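Residue strings, one per chain:
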Amino acid sequence: MKYEPIICFETHVELKTKTKLFCGCAVSYGDEPNRHICPVCTGQPGALPVLNSRAVELCVRTGLTLNCSINKRTRFARKNYFYPDLPKGYQISQYELPFCENGFLEIQDDNGNPYAVGIRRIHLEEDAGKLVHSSESFDSSDYSLVDYNRACIPLLEIVGDHERNPLRSLVQAKTYLDKLRQILRYIDVSDCMMELGQLRCDVNVSLRPRGSNSFGNRTEIKNMSSFRFILEAAQHEIKRQSAILDAGGQVEQETRLYNEMKKETIPMRSKEDAPDYRYFPEPDLVEVVIEEETIEKSRQALPELPDDIVKRLTTEYDIPYNDALVLTRDRQVVEYFDKCASDCKDARRAVRWINRGLFELMNEASISIADCKIAPENFAALINLISDGVITETIARDALAEMFKSGEAPQAIIERKGLKPIQDASVMEGIVDTIMSGNPDVITRIRGGETKLIEFLLGQVMKESRGKANPKTARELIMRKFEENAD
């Protein structure tokens, strides 16, 4: 490409609070429309806002995690614009003095090198209501209804910095969004469930000649609530703007929407700048003063973050880097592993069985680790049985599937279902003799130098024994049979 894309996100995150930002109405999802409303969140004349301190705490926590400086004196502002789902005709947001500024989120660039994506600011504002149209297509709707349950839910806006290490590719954009959502879940400020509107993005895209330090006019794609559609929209916008520049035209600064069916962006309105919103200090709220002691307390309360956990797992347990990355996608999975590791003789094996065996069962059942019936100590016991050679991996897979259904300890399942491995040497030797006598052609080829076929014989032994044969013992027995009949 002769153009370099500059991509920035304005990420809106609904915070995990029990009540709304400026009133005592419950934050709840999936309820009947307009069940959680009051004069404040519906913008009735004379109703006064009262700030939710928990929302401030979560905002500061996010800023510290994303390496921001925290402003000790902040204030709210009125952002004036009218939408049907914004009943006051303005939004209480922040302008000159946000809670957090000048941060970054470190990701890997396209070449695998560390890259600190700039974050300009993080501020707190109230969410708007939700329009429900009479038709799935807005253009063909006869009417629209408004659900104010969402109005005034605490909304965190994380604004990227297009001048300081912006995103320069779709791969970086995907990496940034994945890691941002992961961290927000780790620090427990939001569940980030996009299907519930808890995480939404406005995407700013501009192009400049490759190697240039200037910036082109940007377009903003509004209200994206799917990572897939976010990346599709950005890709389309890069192609659209490239065609305009190649033809000698100029990209207009504007706000656009993404048509998911046609996979293209369409004009919505000219792009507003700050003066268009006529910001002024919110007269019904006083300045917020945050003490250094409060900031330090929040800093000390931060949990271990994914990057630090990966370093710990690879160092302490010698776990492969990619396995550690998979394990740390979910904080609850890491906590599950840590509990297993305290009782487990082979942590590397435990990670492998979690990432493959346990995750496969969880995906099939569409459940999270929190709903898994297998207690960490029972999972560790299963791994120890494998490590000690008490059971084979085939038996372990059968036991794990049963543990997943019932939650029983592995020892009880092995006893109840008769999954104990073969201990009688004569029984094992009989199985090996049967397999070898039943495959004379294979035996001849092995004697002729095709030693890889020993794996075939071993597989047949495991099949005949229904996984109860110890692979190491069976292999040794097969090799001994060849040595005894070498002449």
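Attention here is on the structure that accompanies the text. (Residues numbered from 1 in each chain as written. Predicted model: local features only at pLDDT ≥ 70, side-chain atom pairs only at ≥ 80, totals over all residues. Heavy atoms only, no water.)

Some points on the nonpolar core
Core analysis: the largest hydrophobic core is formed by 67 residues, its most contacted members being F9 and Y176. Here this core gets 7 residues from one element, more than from any other, and that element is helix α3 (residues 227-246). With near-sequence residues (within four places) excluded, F9 lies in contact with I158, V159, G160, L167, A173, Y176, L177, C201, D202, V203 and I230. (Core = buried A, V, L, I, M, F, W, Y, C linked by side-chain atoms within 4.5 Å. Buried < 20%, exposed > 50% of the residue type's maximum accessible area, 1.4 Å probe, protein only. Helix = DSSP H or I, 4+ residues; strand = E, 2+ residues; numbered from the N terminus. Contact = heavy atoms within 4.5 Å.)

Examining the packing of helix α9 (residues 347-365) against helix α11 (residues 393-406)
Packing of α9 against α11 leaves a shortest axis separation of 11 Å and a crossing angle of 45°. Relative to α11, α9 is oriented oblique. Of the two possible hands of crossing, α9 and α11 adopt the one that is right-handed. The residues of α11 that touch α9, namely those facing R349, R352, W353, G357, L358, L361, M362 and A365, are E393, A396, R397, L400, A401 and F404. Class assignment for the residues of the contact of α9 with α11 results in 9 nonpolar, 1 polar and 4 charged. (Axes fitted to C-alpha atoms, helices over the stretch in contact; angles between N-to-C directions. Parallel < 35°, antiparallel > 145°, perpendicular 65-115°, else oblique. Left-handed = near helix turned anticlockwise from the far one by under 90°. Nonpolar A, V, L, I, M, F, W, Y, C, P; charged D, E, K, R; others polar.)

Here's the deal with the packing of aromatic side chains
Counted under the stated rule, the structure contains 7 aromatic pairs. Seen from their ring centres, F22 and F76 are 5.6 Å apart, and the 80° between their planes marks the pair as edge-to-face. Here the residue F22 occupies a position in the loop between β1 (3-14) and α1 (53-65), and F76 occupies one in the loop between β3 (73-74) and β4 (77-80), the gap between them amounting to 54 residues. With respect to class, F22 is no different from F76; both count as buried. Ring centres of Y95 and Y279 lie 4.2 Å apart, and the angle between their planes is 5°; on these two criteria the pair is classed as stacked. One end of the pair, Y95, is in the loop between β5 (90-93) and β6 (100-108); the other, Y279, is in the loop between α4 (274-277) and β15 (280-281), and 184 residues separate them in sequence. Taking the relative accessible area as the measure of exposure, Y279 reaches 21% and is therefore partly exposed. Ring-pair connections join several aromatic residues into one group, and the members of that group are F22, F76 and F99. (Phe/Tyr/Trp six-rings, centres within 6.5 Å; stacked < 30°, edge-to-face > 60°.)

Side note on the pattern of salt bridges
This structure, assessed with the given rule, holds 42 salt bridges. Notably, a salt bridge pairs D178 with K174, separated by 2.5 Å at the nearest N-O pair. With D178 and K174 both in helix α2 (residues 170-186), this residue pair falls 4 residues apart, about one helical turn. Notably, a salt bridge pairs D307 with K179, separated by 2.7 Å at the nearest N-O pair. Of this pair, D307 sits in helix α6 (residues 306-316) while K179 is found in helix α2, placing the two residues 128 residues apart along the sequence. A relative accessible area of 37% places D307 in the partly exposed class. (Salt bridge = Lys/Arg side-chain N within 4 Å of Asp/Glu carboxyl O.)

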